[in-house]
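Report on the structure
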Amino acid sequence: KISSISAYQVFDSRGNPTVEAEVVLENGVRGRGTVPSGASTGQFEALELRDRDVQCFRGKSVLRAIANVQDIIRRELRGRDVFDQAGLDQAMIELDGTPNKSRLGANAILGVSMAATAAAASARGEPLFAYLGTGDLLPLPEIQITGGGAHANWRTDVQDYLLIATGARSYAEVMEITHNVYHAAGDILKRRGSYFGVADEGGYWPEFKTNEEPLQLLVEAIKAAGYEPGRDAVISLDVAASDLFDEESGTYQFGLEQRRFSTAEFAALIEDWCARYPIISLEDPMADTDWEGWQMVFQKLGRKIQLIGDDLFTTNIHRIRTGIEKGIANAVLIKLNQIGTVTETLEAIRTTQQAGWLPVVSARSGETEDTFISHLAVAANAGQLKVGSFSRSERMAKWNEVIRIERALGERARFVGSQIFETILP
Ligand code: PGA
Ligand code: ZN
């Protein structure tokens, strides 16, 4: 039984305040959860409650969310069965009473939800992944090589240029291929005099003249590391197109190249990139309100490319169901704090899988040392994990945790690598 719940302010990878919650059981067992924070957030996400008092942490403090845990959530959940995760989450949802968790704050609710899971796992003497589910599948990582968009002051318009090590036969081999390609890309940038450190998620700071140049860099880096593009390693893009879409004119804009596109033109550009580069996956190629654009992209690429909705679905079961009915994507990005409870996140993954689509468990651009998502990816047999790049410890903590989970699973651990795409790409 839960004996007490507390919350306090800690700081994320951008140095911004965030919520950490702690759940203590009657037998003294404890669990903690630390909430991440996005920068290119979708408009349909659950609400992250910030105090907006410019005198306090430049408006970014989360003291009200913390007070909501201490004053409201604590009272409601004290004495309850910590193993009833669905009941705990449902109680917080009802206590909040809004569709987007705007009264208590999704950051308050999620902190407690994660902490309760951690405490329950600990009480059972199980690792988090074993408590969360029966899964045994090690995820195939999507790893950022250059960052852009809201994570790099708009030096490129496209947000993430990522690598997927499709040739890897084990998780260890993914790590090796990624290490080699990531550093090869760094060497190339140094040689060109365009190495300027890293962006928010640890990918290289993008010093390019066009949004296409990073694609060339990736192909070059894969080759320079001794691999064959298209076979051993391929490209994945998070266009984060909601950030490029001007609702009023209905156009997409590339600030870097001073170009403007209609929906059809933007879809054609994306299609052209997919024809000329070994791209296997596209996230948010269209804006979260441009369902027609999504339809267009899906018609052209839906049989060849993984099409992931992030801002489009915001881990929201209703939005995912609408997407499934319309048949406009084949994968869903899964972020705990977009929806705000562990139970709803697991449901979102299940809904995705039941439709024959692929879930991609994801971190946020503002991250912490919490490794919950590594466990979630394995527990739910998600098959893919996206955590940003291959540097900075808030990122590496997640990749490393999968190594530990693999050890804990022992003989049971499975890795299917790029075969995961066979589900959606015939
Ligand atoms: P965010 O970026 O955490 O800033 O939203 C991640 C993503 O768009 O996938
Ligand atoms: Zn995204």
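Right, let's walk through the structure included here. (Residues numbered from 1 in each chain as written. Chains lettered and ligands numbered in written order. Predicted model: local features only at pLDDT ≥ 70, side-chain atom pairs only at ≥ 80, totals over all residues. Heavy atoms only, no water.)

Turning our eyes to something else, we now look at the overall build of the chain. What the chain contains, in helices and strands, is 13 helices and 14 strands. Its C-alpha atoms give the chain a radius of gyration of 21 Å, within 12% of the compact-globule value 22 Å for 426 residues. Overall size of the chain, expressed as C-alpha extent along the three principal axes, is 60 × 55 × 45 Å. In the chain, the proportion of contacts linking residues at least 24 apart, taken out of those at least 6 apart, comes to 70%. Carbon and sulfur atoms form 45% of the exposed surface of the chain, whose accessible area is close to 16,200 Å². Taking the average location of the 44 positive side-chain charges in the chain and that of its 58 negative ones, the two points are 2 Å from each other. (Helix = DSSP H or I, 4+ residues; strand = E, 2+ residues; numbered from the N terminus. Rg over C-alpha atoms; globule rule 2.2 N^0.38 Å. Contact = heavy atoms within 4.5 Å. Areas by Shrake-Rupley, 256 points an atom, 1.4 Å probe, with all protein chains shown as cover. Lys, Arg positive; Asp, Glu negative; His and termini not counted. Charge placed at Lys NZ, Arg CZ, Asp CG, Glu CD.)

Below, the discussion takes up the pattern of salt bridges. The full count for this structure, using the stated rule, is 25 salt bridges. Ionic pairing is found between Glu 212 and Arg 276, a salt bridge with its closest N-O pair at 2.9 Å. One end of the pair, Glu 212, is in the loop between helix 5 (171–191) and helix 6 (213–224); the other, Arg 276, is in helix 7 (residues 263–276), and 64 residues separate them in sequence. Residue Asp 238 is joined to Lys 386 by a salt bridge in which the shortest nitrogen-to-oxygen separation is 3.0 Å. Placement of the pair is Asp 238 in strand 6 (residues 234–238) and Lys 386 in strand 14 (residues 384–389), with a sequence separation of 148 residues. (Salt bridge = Lys/Arg side-chain N within 4 Å of Asp/Glu carboxyl O.)

Once that is clear, we can look at the site of ligand 1. Near ligand 1 you find 14 residues, and of these Ala 39, His 151, Arg 364, Ser 365 and Lys 386 are the closest. In the environment of ligand 1, an oxygen atom lies 2.9 Å from a nitrogen or oxygen atom belonging to the side chain of Gln 159. Lys 386 places a side-chain nitrogen or oxygen 2.8 Å from an oxygen atom of ligand 1. In the complex, 99% of the free accessible area of ligand 1, which totals 280 Å², lies under the protein chains. The residue inventory of the shell around ligand 1, partitioned by class, reads two nonpolar, five polar and seven charged. (Near = heavy atom within 4 Å. Polar contact = N/O pair within 3.5 Å; in protein donor to acceptor, adjacent residues only side chain to side chain. Nonpolar A, V, L, I, M, F, W, Y, C, P; charged D, E, K, R; others polar.)

Here we take up the sheet that holds strand 13 (residues 358–362). Taken in spatial order, the eight strands close into a barrel running 4-5-6-10-11-12-13-14, and their pairing is mixed. Looking at each pair of strands side by side, their axes are set apart by 30° on average, direction ignored. With two bridges connecting them, strand 13 and strand 14 associate as parallel partners. Across the sheet, residue Ser 362 finds its bridge partner in strand 14, namely Lys 386. Packing against the sheet, helix 6 makes contact with strand 4 (140–147), strand 5 (160–164), strand 6 and strand 10 (279–283), and its axis sits at approximately 25° to strand 5. Contacts from helix 8 (residues 291–301) reach strand 10 and strand 11 (306–309) within the one sheet, and its direction differs from that of strand 11 by about 160°. (Pairing = 2+ DSSP bridges. Axes fitted to C-alpha atoms, helices over the stretch in contact; angles between N-to-C directions.)

A separate point is the coordination of the zinc ion (ligand 2). In an ideal tetrahedron of four donors about a metal, each angle is 109.5 degrees. In an ideal octahedron of six donors, the angles are 90 or 180 degrees. Within the first shell, the zinc ion (ligand 2) binds the protein through Asp 238 (OD), Glu 283 (OE) and Asp 310 (OD), at distances of 2.1 to 2.2 Å. Written as a sequence motif, the donor arrangement for the zinc ion (ligand 2) is D-x44-E-x26-D. In this pair, Asp 238 sits in strand 6 while Asp 310 sits in the loop between strand 11 and helix 9 (317–326), placing the two residues 72 residues apart along the sequence. Each member of the pair, Asp 238 as well as Asp 310, carries the same accessibility label: buried. (Donors = N, O, S within 2.8 Å, 3.2 Å for Na, K, Ca; no water. Buried < 20%, exposed > 50% of the residue type's maximum accessible area, 1.4 Å probe, protein only.)

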